[in-house]
Amino acid sequence: MTLRIPDELDPSIKAAANAAGLSLNAYIVRAVRRQSVIDAAQQLAALGLGDSLCGDGDIL
């Protein structure tokens, strides 16, 4: 995947990655993965499946 970071966001993303002690690539991958999990959890909750996951270690 190729990602183009807009010039106006580049300094803040690099600063956040540096503050987290991560490479820029690792920081972006973690951010995308985190957002994907949040989006999937919201979709499951919207379908009413949140309660059926309780007890399996999953928290929506």
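The paragraphs below set out a description of the structure included in this document. (Residues numbered from 1 in each chain as written. Predicted model: local features only at pLDDT ≥ 70, side-chain atom pairs only at ≥ 80, totals over all residues. Heavy atoms only, no water.)

## Notes on the overall build of the protein chain
Helix and strand counts for the protein chain come out as two helices and zero strands. In the protein chain, which comprises 60 residues, the proportion classed as buried is 10%. By element, 56% of the accessible surface of the protein chain is carried by carbon and sulfur atoms, the whole surface being about 5000 Å². (Helix = DSSP H or I, 4+ residues; strand = E, 2+ residues; numbered from the N terminus. Buried < 20%, exposed > 50% of the residue type's maximum accessible area, 1.4 Å probe, protein only. Areas by Shrake-Rupley, 256 points an atom, 1.4 Å probe, with all protein chains shown as cover.)

## Here we look at helix H2 (residues 24-46)
In a regular helix each residue adds 1.5 Å, so 23 residues correspond to 33 Å; H2 covers 33 Å between its end C-alpha atoms and thus fits that length. Directly beyond the C-terminal end of H2, a positive phi value near 80° is found at Gly48. (Expected span 1.5 Å × (residues − 1).)

## Some thoughts on the pattern of salt bridges
Here the structure, examined in full by the defined rule, presents one salt bridge. The residue Lys14 makes a salt bridge to Asp10 at a minimum N-O spacing of 3.3 Å. Remark: Asp10 and Lys14 occur in helix H1 (residues 10-19); sequence separation between them is four residues, near one turn of the helix. With relative accessibility at 45%, the residue Lys14 sits in the partly exposed group. (Salt bridge = Lys/Arg side-chain N within 4 Å of Asp/Glu carboxyl O.)

## Points about the packing of H1 against H2
The axes of two packed helices give the description: the angle between them and the distance between them. Remark: H1 packs on H2, axes separated minimally by 9 Å, with the N-to-C direction vectors making an angle of 95°. In terms of orientation, H1 and H2 fall into the roughly perpendicular class. Only Leu24, Tyr27 and Ile28 of H2 make contact with H1, whose side of the interface consists of Ile13, Lys14, Ala16 and Ala17. Residues belonging to the contact of H1 with H2 are distributed by class as follows: six nonpolar, no polar and one charged. (Axes fitted to C-alpha atoms, helices over the stretch in contact; angles between N-to-C directions. Parallel < 35°, antiparallel > 145°, perpendicular 65-115°, else oblique. Contact = heavy atoms within 4.5 Å. Nonpolar A, V, L, I, M, F, W, Y, C, P; charged D, E, K, R; others polar.)

## What to know about a nonpolar patch on the surface
Nonpolar side chains collect at one region of the surface, where Leu44, Leu47 and Leu49 lie side by side and expose about 260 Å² of accessible area between them. Inspection of the secondary structure puts Leu47 in the segment after H2. What makes Leu47 exposed here is its relative accessible area of 63%. (Patch = residues over 30% accessible without salt bridge, like charges linked within 9 Å, V, L, I, M, F, W, Y side chains within 5 Å.)

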